[in-house]
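# A closer look at the structure
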Amino acid sequence: MQADRDDRISNDDGGSRHTKQTLVTAVAVLILAGGAYLLMPRDKDKDQNPPQVEETAVQQVVTPIEIPQPTPEEAILAAPDIPDPEENEVVVAEESVEQVVVEATPPPPPTPEELDQQLRSDIRASGLSTATALDSAYNAPYLLDRGVSSLDQLARGLVPTRTSNLARPSGPFLTTQEGADYSVSRQSYRRYDKLVSAITALPVDTLASIFQDQRELLKDAYAALGYPADAMDNTLIAALENVISAPTREQPPALVSKGALWAYADPELESASDLHKQLLRTGPENTEALQAWAQRLREALLNP
């Protein structure tokens, strides 16, 4: 794990197209993209005085094993397509009747501010949770754009901190010391409990239904990033599969000090993606709960 420079060392003794439904989709995408808690910023530790570690301890860092992995683009393209139920519907031909159709001038699209304002009032009526742990994300502007961008980053194994607006977990990142050995403190895992509970309480069937209803809007938003619109559903599945495939450890992972930073002593963990290393910091119980939720959502999307 390569913690950021705010992770100082601290010890304990013991982680039409703009309808109401369209607006609801924006927050749903943000939630899906976050797998949710994955969007959180890195931890910040108030302890500015890391313990002194002998030079020999730094030399314990093992060169990460280079394991061939598919590129993010390959993983996204390999992800299965999400079926479109409308493509399977039987269309009954009706007798053609000649009509004169007068096309009405479409209304101007709402501004981002209008969309966000309407979204916040519609969220409560959508059936989606508005748990306190997610409030800061709901209150941020440009929810649809930020959500689709975060989704793309998650599919590529990144931690989209710049596109998130979730509050930092309370308390510092803690370690436990036994002799000269350090490991992640179990107490650190508890900082993520409320956020994980809020995410796993979201109904996967509702999210999958909203996705299908507003599929074209989401494709347009994804295409605005410069990617093929038809790859949007593959990106969503790839992001969920990234969560599902994250490594877990029942025992807190051992750490080695690199000055004011920490690294995982296990080279397999240290060479993992940024996303997987961030997931490890939530602890095995929280990670496994999120993986089970992501698996259910994946099944709901692929089997509408």
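Here's what I pulled together on the structure shown here. Bear in mind that the values here come from a model prediction, so they are computed numbers and not experimental data.

### Focus on the overall build of the chain
Along its length, the chain carries 14 helices and five strands. Scored against the burial criterion, the 304 residues of the chain give a buried share of 47%.

### With respect to the side chain of Ser 185
Considering the arrangement of structural elements, one finds Ser 185 in the loop between strand E3 (181-184) and helix H7 (186-189). You can call Ser 185 buried: its relative accessible area is 0%. At a separation of 3.1 Å, a polar atom in the side chain of Ser 185 contacts the main-chain amide nitrogen of Gln 187.

### Details of the packing of helix H6 (residues 143-155) against helix H10 (residues 215-223)
At their nearest, the axes of H6 and H10 sit 9 Å apart, and the two run at 70 degrees to each other. The angle between the axes of H6 and H10 places the two elements in the roughly perpendicular class. Residues Leu 144, Val 148 and Asp 152 of H6 lie in contact with H10, whose contacting residues are Leu 217, Leu 218, Ala 221 and Tyr 222. Of the residues assigned to the contact of H6 with H10, the class counts are six nonpolar, no polar and one charged.

### A short note on the environment of Leu 302
Checked against the element boundaries, Leu 302 lands in helix H14 (residues 284-302). Take Leu 302: its relative accessible area is 16%, and that puts it in the buried class. In the structure, Leu 302 is positioned 65 residues away from Ile 237 in sequence and 8.8 Å away in space, judged by C-alpha atoms. When near neighbours in sequence (up to four residues on either side) are disregarded, Leu 302 contacts Pro 80, Asp 81, Ile 82, Pro 83 and Ile 237.

### Looking at the packing of aromatic side chains
Throughout the structure, instances matching the rule amount to two aromatic pairs. Ring centres of Tyr 182 and Trp 262 lie 5.1 Å apart, and the angle between their planes is 50 degrees; on these two criteria the pair is classed as tilted. Taken as a pair, Tyr 182 in strand E3 and Trp 262 in strand E5 (residues 261-264) lie far apart in primary sequence, 80 residues in all. The class of Tyr 182 is buried, set by a relative accessible area of 9%. You can call Trp 262 buried: its relative accessible area is 0%. Between Tyr 222 and Tyr 227 the ring centres are 5.2 Å apart and the planes differ by 25 degrees, which places this aromatic pair in the stacked class. Classification of Tyr 222 as buried rests on a relative accessible area of 1%. Looking at Arg 281, its charged tip hangs above the ring of Phe 173, at a distance of 4.7 Å from the centre.

### Here's the deal with the side chain of Arg 298
Tracing the backbone through its elements, the reader meets Arg 298 in helix H14. Once you skip the residues sitting within four places of it in the chain, Arg 298 turns out to touch Pro 80, Ile 237, Leu 240, Glu 241 and Ile 244.

### Some thoughts on the nonpolar core
Formed by 44 residues in total, the largest nonpolar core has its most connected members in Ile 82, Leu 134, Phe 211, Leu 236, Trp 293, Leu 297 and Leu 301. Where this core is concerned, the elements lending two or more residues are helix H5 (135-138), H6, helix H8 (193-200), helix H9 (204-213), H10, helix H11 (232-244), helix H13 (274-280) and H14. Residues within four places of Leu 301 in sequence aside, it is in contact with Ile 82, Pro 83, Ala 208, Phe 211, Gln 212, Leu 236, Ile 237 and Leu 240. Counting nine residues, the second largest nonpolar core, distinct from the first, contains Tyr 182, Val 184, Tyr 189 and Leu 269.

### Thoughts on the environment of Leu 166
Relative to the helices and strands, Leu 166 resides in the loop between H6 and strand E2 (175-178). For the pair Leu 166 and Leu 134, spaced 32 residues apart in the sequence, the C-alpha separation amounts to 6.6 Å.

### Quick word on the pairing of E5
Successive residues of a regular strand alternate their side chains across the two faces of the sheet. Neither face of E5 is exposed, since Leu 261 and Ala 263 on one face and Trp 262 and Tyr 264 on the opposite face are all buried. Pairing of strand E4 (residues 254-258) with E5, which is carried by four bridges, proceeds in the antiparallel orientation. Bridged to Leu 255 within E5 is Tyr 264. What sits between E4 and E5 in their antiparallel hairpin is a turn of two residues, with Gly 259 showing a positive phi close to 75 degrees.

### Observations regarding the pattern of salt bridges
Within this structure, the stated rule accounts for eleven salt bridges. Salt-bridge contacts for Arg 249 lead to Asp 266; the nearest nitrogen and oxygen are separated by 3.7 Å. Note that Arg 249 is positioned in the loop between H11 and E4 and Asp 266 in the loop between E5 and helix H12 (267-270), a separation of 17 residues in sequence. Here Asp 266 falls in the partly exposed class, since its relative accessible area comes to 29%. When the shortest N-O distance is used, the salt bridge between Arg 298 and Glu 299 registers 3.4 Å. The exposure class assigned to Arg 298 is buried, which follows from its relative accessible area of 17%. Salt bridges linked by common partners bring Glu 73, Asp 152 and Arg 156 together as one network.

Rules used throughout
- Every chain begins its residue count from 1, and numbering advances along the sequence as written.
- Residues qualify for local features only when their pLDDT is at least 70, as the model is predicted, and side-chain atom pairs are given and counted only at 80 or more; totals for whole chains, interfaces and linings, by contrast, use all residues.
- Calculation of side-chain values draws on the structure's entire complement of heavy atoms; hydrogens and water are dropped beforehand.
- Helix and strand definitions here come from DSSP, where helices need a minimum of 4 consecutive H or I residues and strands a minimum of 2 consecutive E residues; each element is numbered from the N-terminal end.
- When accessible area is computed with a 1.4 Å probe and restricted to protein chains, residues below 20% of their type maximum are described as buried, those above 50% as exposed, and intermediate ones as partly exposed.
- Counted as a polar contact is a pair of N or O atoms within 3.5 Å, where, for protein atoms, one must be capable of donating a hydrogen and the other of accepting one, and residues adjacent in sequence contribute only when both atoms are in side chains.
- Orientation is described by axes fitted as lines to C-alpha atoms, over the contacting stretch for helices, and by angles from 0 to 180 degrees between their N-to-C directions.
- Note that the term roughly parallel is reserved for angles under 35 degrees, roughly antiparallel for angles over 145, roughly perpendicular for angles of 65 to 115, and oblique for everything else.
- Contact between two residues is taken to exist if any of their heavy atoms lie within 4.5 Å; hydrogens are not considered.
- Polarity classes work like this: nonpolar for Ala, Val, Leu, Ile, Met, Phe, Trp, Tyr, Cys and Pro, charged for Asp, Glu, Lys and Arg, and polar for all others, with Gly in that last group.
- What counts as a ring pair is set by centres within 6.5 Å for rings of Phe, Tyr and Trp (its six-membered ring), and what kind of pair is set by the plane angle: stacked under 30 degrees, edge-to-face over 60, tilted for all other angles.
- Charge-over-ring placement is defined geometrically: NZ (Lys) or CZ (Arg) within 6 Å of the ring centre, and within 35 degrees of the ring normal.
- To define a nonpolar core, start from buried Ala, Val, Leu, Ile, Met, Phe, Trp, Tyr and Cys residues and group those joined through side-chain atoms within 4.5 Å.
- We treat two strands as partners when DSSP finds at least two bridges between them.
- Salt bridge, as applied in this entry: a Lys or Arg side-chain nitrogen positioned within 4 Å of an Asp or Glu carboxyl oxygen.

So, to be careful, I would describe these as geometric facts and stop short of saying anything about function.
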